Structures are given as structure tokens and as C-alpha cells.
Amino acid sequence: MRRLNRKKTLSLVKELDAFPKVPDSYVETSASGGTVSLIAFTTMALLTIMEFSVYQDTWMKYEYEVDKDFSSKLRINIDITVAMKCQYVGADVLDLAETMVASADGLVYEPVIFDLSPQQKEWQRMLQLIQSRLQEEHSLQDVIFKSAFKSGVTALPTREDDSSQPPDACRIRGHLYVNKVAGNFHITVGKAIPHPRGHAHLAALVNHDSYNFSHRIDHLSFGELVPGIINPLDGTEKIAVDHNQMFQYFITVVPTKLHTYKISADTHQFSVTERERVINHAAGSHGVSGIFMKYDLSSLMVTVTEEHMPFWQFFVRLCGIVGGIFSTTGMLHGIGKFIVEIIYCRFRLGSYKPVSSVPFEDGHTDNHLPLLENNTH
């Protein structure tokens, strides 16, 4: 009884077979079919390789939402060299809440030589080349996000030459924590001192002829410091043409959360516009000589996530490639074979000539084919 039920089950399963086997004696092969099969297998191999390269690659997904975090502090990372001695310049931040951040909290003043060494010039040239390419091809920013923590391109290399020239510039580097409101980071003549109505700089003790706000921005970023990220002002160099010259940078900061397969960081992107002018009160150009960076924060936050194609999607696409090529090549081969057979048949029919008519005595013709007679003896 069990054997009978097993046979019935097996026969039922055989009836559900969607892939019936054809005996080899009923299979006919041809040269055209072999050629089409070779083309199909080659195409499948190429597309499979291309699909595998797509599967290995990743892409960046951008999502936007309202930034609801206004209570935390904003970190400003600074590395700027000014062509003046350190005792003549001062840097600080003043925000819209009239809160001044003293430079002693996180900034270091280092006497240096303004002219770069050959190795440092090569670093600056490479950084400026990357900046120009980023302005033309915005998709390169995704590559920079992926390579974060891999590259140290934002770090100014140390001087490799032992120059005996005395320092003629001041490198201001470090970081500051400010309120998440619009503010003004500036470098001007004299050290900053607190004042009941805001703040002031001791500029009266500095000789006017020593004013020179030629500067180089080696690095400027907001938020968590992420090595390898290129910021818009990195590598910028400005040369002053007058002692009384003001350089202004208007910056819009966008909070950014970066999530890749290597890092996860809360940083900030920013866009910037520049303006520079000579201070001449007689001509109506008022202001204070120095470097002013006025920043404002965007209300939107960007979340950048690195994504990868899941394996099931790669498998489905691979099955689609194999099945689609098999179906398409089989259909094209059948159509081509059908067209060739039609042309060949017409060519054979056209090769037969009609049989000549047999005339009768009354003028009629006989178009019938003559019958074959079997003479038997």
C-alpha cells in the first residue's frame, strides 16, 4: 500500500514537471545555432562581469530634514597663516548673541615663514587642482566622502628645508566652540580685549606700515574634524595689494551627518562667497583692515549615507540577464531562420522552367504535363 501511494505521488510530481527532458535522438544541431549560442554566452559573460562590478561599487544617498538641534555647540577648525608677526594680530569670534570667544581657549599662534617650501608648494598646488575639479564635477564629492580617513591631503606637511630666514608670518591654528547661531570670525590688528559694548582690538600700538593681511587658508571646517574631507576654502591664498585691505568671506554652513562603511561623523558642509576691497575713508570705503569670515547656519540638515546593492537584487538582475539573453537570442535565431527559409524556397521555385505547350490541329494548346507510360514487354 505504501509503495502504491509512493508511485502515485511520484507520478503526480512528474506531471508537474515544467522542465521536460527531450531525448538526444530528437535534438537537431546546426552551425547557425552554434554561432548564436557562442554569441549569447559571450554576451552573458560580459554583462555578468559588468554587473559584478556594479555590485561591488557603492553610492551616496542624500536625505534632507529640518535640523532640530540648536542647543549644542558648533566647532570651528582653523589653520590660517597671516603675513604679519604674531604680536600684531588677534583672532576671535563674535556671534549674534554678542558672545565673544577668546582666542586663548583653543587657538595657537605660531611664528612661521609665509613662503612655502617646495614640498609645501606642491601640496598647495595639488589641493588647488582638486578644488578646481570639484567646482566642475560635483560627483567627485562622493568619492571624497568614501575616502575619508584614508587621505591626509588636508594636513599641511612640515617644512623639509632648514631655512635660516626669521619668521615673518603667524600661523593661527586650533579649534573653537561657538553657539549655533550666526557669527563673525575675524583676524585683525591687535589683540582682542573685552568691552562693555562688545569687544575691541588694541590696534593703536601697531605701526600702520606693518599692516599686511596677505593670508593662506590651509584648512577651515565646521563640526567634527574628518581627515580626508576637502573643504571649499582649503588651499586658498590671497595677497594684499594695500596696507588697508579687507578680505570678507560669507559662509553658509549646512549640518551634515556622514555614514559610510568606514566612518560615522557629525560634520558640516558649507558654501562661500568672497569679497575684498581697500579701506579708503576719503573715497567712502569704510571698514577695518583684516580677514572677516561671516557664517550663518542653515535650518536644513543633510544625511549622507553610503549604500550598497543587496545580494538578492544582484542575483535577480543576474537571472534576468541570463534568461533575457537566452530568450532574445532564441527568438532572433528563429526569426532569422524563418526569413532565410522563405528566401531559399522562393529561389528554388524560381529555378524551375514551365513545360512548353503542345499544339493541336485546331489551334488549341495542351498545357497538361504528359503522363509517364510504363512499357512492359
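What counts, and where the lines are drawn
- Residues numbered from 1 in each chain as written.
- Predicted model: local features only at pLDDT ≥ 70, side-chain atom pairs only at ≥ 80, totals over all residues.
- Heavy atoms only, no water.
- Helix = DSSP H or I, 4+ residues; strand = E, 2+ residues; numbered from the N terminus.
- Buried < 20%, exposed > 50% of the residue type's maximum accessible area, 1.4 Å probe, protein only.
- Areas by Shrake-Rupley, 256 points an atom, 1.4 Å probe, with all protein chains shown as cover.
- 1 Å grid on protein atoms, 1.4 Å probe; cavity = no way out; pocket = protein on both sides within 12 Å on 5 of 7 lines; lining within 4 Å.
- Points joined across faces, edges and corners; volume = space filled by probe spheres on them.
- Nonpolar A, V, L, I, M, F, W, Y, C, P; charged D, E, K, R; others polar.
- pLDDT = per-residue confidence, 0-100.
- Patch = residues over 30% accessible without salt bridge, like charges linked within 9 Å, V, L, I, M, F, W, Y side chains within 5 Å.
- Salt bridge = Lys/Arg side-chain N within 4 Å of Asp/Glu carboxyl O.
- Phe/Tyr/Trp six-rings, centres within 6.5 Å; stacked < 30°, edge-to-face > 60°.
- Lys, Arg positive; Asp, Glu negative; His and termini not counted.
- Polar contact = N/O pair within 3.5 Å; in protein donor to acceptor, adjacent residues only side chain to side chain.
- Contact = heavy atoms within 4.5 Å.
- Core = buried A, V, L, I, M, F, W, Y, C linked by side-chain atoms within 4.5 Å.
- Expected span 1.5 Å × (residues − 1).
- Disulfide = S-S within 2.5 Å.

A separate point is the overall build of the protein. Along the backbone of the protein there are five helices and 17 strands. In the protein, which comprises 377 residues, the share counted as buried stands at 33%. Summing over all exposed atoms, the protein offers an accessible surface of approximately 24700 Å²; the carbon and sulfur share of this is 60%.

The next point concerns empty space enclosed by the protein. All told, the structure shown has one cavity of 30 Å³ or more when counted by the stated rule. Here the largest cavity defines a volume of roughly 50 Å³. Secondary-structure elements contributing two or more residues to the lining of the largest cavity are β10 (215–223) and β13 (264–278). Its residues placed into classes, the lining of the largest cavity shows four nonpolar, four polar and one charged.

Here we come to the confidence of the model for the protein. Of all residues in the protein, 77% have pLDDT values of 70 or greater, and the mean over the chain is 79. For the protein, strand β17 (residues 365–366) is the element with the lowest average pLDDT, namely 53, and strand β14 (residues 290–297) is the one with the highest, namely 92.

So, on to a nonpolar patch on the surface. A surface patch of nonpolar side chains, amounting to about 690 Å² of accessible area, comprises Met331, Leu332, Ile335, Phe338, Ile339, Ile342 and Ile343. The class of Ile339 is partly exposed, set by a relative accessible area of 43%.

Tallied over the full model, the rule gives nine aromatic pairs. Note on Tyr55 and Phe311: the rings are 6.4 Å apart at their centroids and 75° apart in plane angle, and the pair reads as edge-to-face. Residue Tyr55 is located in helix α2 (residues 31–56), and its partner Phe311 is located in helix α5 (residues 311–350); the two are separated by 256 residues in the primary sequence. Under the relative-accessibility criterion, Tyr55 is labelled buried at 19%. For Phe311, a relative accessible area of 53% translates into the label exposed. With 6.2 Å between their ring centres and 50° between their planes, Phe311 and Phe314 make a pair best called tilted.

Here we come to the side chain of Asp95. Following the sequence through the fold, Asp95 ends up in strand β3 (residues 89–95). With no salt bridge to any partner, buried Asp95 finds its closest opposite charge in Lys73, at an N-O distance of 6.7 Å. A distance of 3.1 Å separates polar atoms of two side chains, one belonging to Asp95 and the other to Asn179. Excluding residues that lie within four positions of it along the chain, Asp95 makes contacts with Asn179, Val181, Ala182 and Gly183.

With 35 residues, the main nonpolar core has Phe185, Ile187, Ile251, Met293 and Tyr295 as its most contacted residues. The set of elements that each furnish at least two residues to this core consists of β2 (73–82), β3, β6 (169–179), β7 (183–189), β10, β12 (245–259) and β14. Tallying contributions element by element places β2 first for this core, with five residues. Among the nonpolar cores identified, the runner-up in size contains eight residues, and Val226, Ile229, Val302 and Val304 belong to it.

Relative to the assigned elements, Val66 resides in strand β1 (residues 58–66). If near-sequence neighbours (up to four positions away) are discounted, Val66 is found in contact with Ser299 and Leu300.

Here the focus is α2. Taking 1.5 Å per residue as the helical rise, α2 with its 26 residues ought to reach 38 Å, and the 38 Å between its terminal C-alpha atoms agrees with that figure. Inspection of α2 places Gly33, Ala40, Met44, Glu51 and Tyr55 among the buried residues, and these make up the whole buried set.

With that settled, consider the pattern of salt bridges. Side-chain pairs of opposite charge can arise whenever the charged atoms involved come near each other. Under the definition given, this model contains ten salt bridges. We note a salt bridge from Glu307 to Lys61, for which the minimum N-O separation is 3.7 Å. With Glu307 in strand β15 (residues 300–308) and Lys61 in strand β1, this residue pair connects regions lying 246 residues apart in the sequence. Residue class for Lys61 comes out partly exposed when judged on its relative accessible area of 34%. One network of salt bridges, with partners in common, ties together Lys61, Glu63 and Glu307.

Along the chain, the position of Asp92 falls in strand β3. Within the structure, the side chain of Asp92 is placed 2.8 Å from the side chain of His186, a separation counted as a polar contact.

This next bit is on the environment of Asp69. Along the chain, the position of Asp69 falls in the loop between β1 and β2. Taking the C-alpha atoms as reference, Asp69 lies 9.8 Å from Pro255; in sequence the two are 186 residues apart. A polar side-chain atom of Asp69 sits 2.8 Å from a polar atom in the side chain of Ser72.

According to the stated counting rule, one finds one disulfide in the structure shown. In this model Cys86 forms its disulfide with Cys170; the gap between the sulfur atoms is 2.3 Å. Between Cys86 and Cys170, the S-S torsion sits near 105°, and that sign places the bridge as right-handed. Taken as a pair, Cys86 in the loop between β2 and β3 and Cys170 in strand β6 lie far apart in primary sequence, 84 residues in all.

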